[in-house]
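An overview of the molecular structure
What follows is each chain in one-letter form.
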Amino acid sequence: ATIQNLNAQWAMVGSDKGFYSFSPDNSKPGDSILITYTGYEPQLLIHPVNSLTVIMKPKAEVLKPVEVLPCRGTKTGQIHNVKGGKSNTNLGSNEEALASWAAYIPNPQGAKGIITSVGFSISTKDIPASAWKAPFKLKLLHFDARTQLPSTPLLNKEIIVYPQSAKVVTDLSEEWLRLPENGLVVAVDFFYAGEEYMYKWPVRQYKEDGSYVDTTMNTYGAKIKAIRGKTITGKGFIYNYRKNEWHTLESYTGEMLAPKMEIRIKYCE
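1. Focus on the overall build of the protein chain
- A count of helices and strands for the protein chain gives one helix and 20 strands.
- At 25 Å, the protein chain has a C-alpha radius of gyration far larger than the 18 Å of a compact globule built from 269 residues.
- Judged by the C-alpha coordinates and their principal axes, the protein chain covers about 85 × 45 × 35 Å.
- Taking all 269 residues of the protein chain together, the buried fraction comes to 39%.
- Across the protein chain, every contact between residues at least 6 apart in sequence was considered, and the portion connecting residues at least 24 apart equals 70%.
- Placing the 31 positive and 26 negative side-chain charges of the protein chain at their respective mean positions leaves the two points 6 Å apart.

2. Re the pattern of salt bridges
- Across all of its chains, the model carries four salt bridges by this definition.
- The salt bridge partner of glutamate 255 is arginine 228, with a shortest N-O separation of 3.9 Å. With glutamate 255 in the loop between strand S18 (245–248) and strand S19 (257–259) and arginine 228 in strand S16 (residues 212–228), this residue pair connects regions lying 27 residues apart in the sequence.
- The class for glutamate 255 is partly exposed, based on a relative accessible area of 34%.
- Of the residues examined, arginine 228 reaches a relative accessible area of 29% and is grouped as partly exposed.

3. Focus on a nonpolar patch on the surface
- A cluster of nonpolar side chains, namely Tyr206, Tyr212 and Tyr252, defines an oily patch on the protein surface of about 340 Å² accessible area.
- Along the chain, tyrosine 212 turns up in strand S16.

4. Details of the nonpolar core
- Residues Ile115, Phe120, Leu138, Leu140, Leu184 and Ile263 are the most contacted members of the largest nonpolar core, which totals 43 residues.
- Contacts of phenylalanine 120, omitting those with residues within four sequence positions, involve Phe136, Leu138, Ala166, Lys167, Val168, Val188, Ile224, Lys260 and Met261.
- Ala102, Leu141, Phe143 and Trp246 belong to the second largest nonpolar core, which has nine residues in total.

5. Some remarks on the pairing of strand S12 (residues 167–171)
- Covered by surrounding structure in S12 are Val168 and Thr170 only, the residues Lys167, Val169 and Asp171 on the alternate face being uncovered.
- Sheet topology places strand S8 (residues 113–123) next to S12; five bridges connect them, and they run antiparallel. Across the sheet, residue serine 117 finds its bridge partner in S12, namely aspartate 171.

6. Examining the packing of aromatic side chains
- Enumeration according to the criterion identifies six aromatic pairs in this entry.
- Between the aromatic rings of tyrosine 104 and phenylalanine 143, the centroid separation amounts to 3.7 Å while the plane-to-plane angle is 15°, which identifies the pairing as stacked. Of this pair, tyrosine 104 sits in strand S7 (residues 99–105) while phenylalanine 143 sits in strand S9 (residues 136–144), and the two are 39 residues apart along the sequence. Across the pair, phenylalanine 143 and tyrosine 104 agree in class, each one buried.
- Look at tyrosine 239 and tryptophan 246: their rings are 5.0 Å apart centre to centre, the planes differ by 70°, and that puts the pair in the edge-to-face class. Here the two residues tyrosine 239 and tryptophan 246 agree in accessibility, since each one is buried.
- In this structure an aromatic cluster arises from ring pairing among Tyr104, Phe143 and Phe237.
- Geometry around tyrosine 267 places lysine 75 over its ring, the cationic atom sitting 5.6 Å from the centre.

7. Looking at the confidence of the model for the protein chain
- With 90% of its residues at a pLDDT of at least 70, the protein chain reaches an overall mean of 83.
- Averaged pLDDT values over the elements of the protein chain bottom out at 68 in strand S2 (residues 10–13) and peak at 93 in S12.

8. What to know about the environment of alanine 8
- By the secondary structure assignment, alanine 8 is in the loop between strand S1 (2–5) and S2.
- On the accessibility criterion, alanine 8 (41% relative accessible area) is partly exposed.
- The spacing of alanine 8 and isoleucine 115 is 107 residues in sequence and 47 Å in space, taken between C-alpha atoms.

9. What about the environment of threonine 36?
- Among the structural elements, threonine 36 can be located in strand S3 (residues 32–36).
- Note on threonine 36: relative accessible area 29%, which makes it partly exposed.
- Sequence separation between threonine 36 and threonine 231 is 195 residues; the distance between their C-alpha atoms is 52 Å.

10. Quick notes on the layout of surface pockets
- Estimates place the volume of the largest pocket at around 1100 Å³.
- Of the residues assigned to the lining of the largest pocket, the class counts are 14 nonpolar, ten polar and six charged.
- Taken as a whole, the second largest pocket spans an internal volume of roughly 580 Å³.
- Together, 20 residues line the second largest pocket, and Gly18, Phe19, Tyr20, Leu52 and Val54 are the ones closest to its centre.

Parameters and conventions
Residues numbered from 1 in each chain as written. Predicted model: local features only at pLDDT ≥ 70, side-chain atom pairs only at ≥ 80, totals over all residues. Heavy atoms only, no water. Helix = DSSP H or I, 4+ residues; strand = E, 2+ residues; numbered from the N terminus. Rg over C-alpha atoms; globule rule 2.2 N^0.38 Å. Buried < 20%, exposed > 50% of the residue type's maximum accessible area, 1.4 Å probe, protein only. Contact = heavy atoms within 4.5 Å. Lys, Arg positive; Asp, Glu negative; His and termini not counted. Charge placed at Lys NZ, Arg CZ, Asp CG, Glu CD. Salt bridge = Lys/Arg side-chain N within 4 Å of Asp/Glu carboxyl O. Patch = residues over 30% accessible without salt bridge, like charges linked within 9 Å, V, L, I, M, F, W, Y side chains within 5 Å. Areas by Shrake-Rupley, 256 points an atom, 1.4 Å probe, with all protein chains shown as cover. Core = buried A, V, L, I, M, F, W, Y, C linked by side-chain atoms within 4.5 Å. Pairing = 2+ DSSP bridges. Phe/Tyr/Trp six-rings, centres within 6.5 Å; stacked < 30°, edge-to-face > 60°. Lys NZ or Arg CZ within 6 Å of the ring centre and 35° of its normal. pLDDT = per-residue confidence, 0-100. 1 Å grid on protein atoms, 1.4 Å probe; cavity = no way out; pocket = protein on both sides within 12 Å on 5 of 7 lines; lining within 4 Å. Points joined across faces, edges and corners; volume = space filled by probe spheres on them. Nonpolar A, V, L, I, M, F, W, Y, C, P; charged D, E, K, R; others polar.

Here it is in structure tokens:
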């Protein structure tokens, strides 16, 4: 580890056992001492009078194992969460402008590669241009095979996406994200970004007995094209902000429902 005296402007490196001794030549009690080591959180402390053991804590972002892949080839491909079938429904957000829809994209062949982009489509029909250009937050998550729910982040940041057309494609090539062996979850968050993205939308509200009521409601932004039924190969999810948890997404008839997603990858040879 590197031991730096911020008052005296000097720095030393500890022994391979982690030992270091202060001396009157380089420090005095009360000096600010900064201890650093690659991959660990820095420690700032006051020069101790007596012996002291300092425990370094690993940085959270480097705790995950890293697999280095020889991606020398240029072969590319794509994986989906559906097997054929056109979008037959949409997912959106109401006047609260707060919703998170997610799709699990399986990796049935266990392919190894780097994720280069994520794509999905939005519905712009009968939606004011100013409204359907509302931004999204795009998040990539691991899929927990045990709980069958979205898990920890695959990418430790949220990407803000501003739609420019009905097809929304986000370039992730510079992130160098490895495609997990069991696939991944792509989550799209609606978040409030201004009144200009609000508009009125006719809604058909279904009841438990199958009957429905036609009404209108304040709606935010565009709607994500989705699919329901047996053509889905990966589950869909909705995030409950009040309970801080994910739930499997189903239609009012009990069918599986999920945003229609596409992942493009560069295969590793």
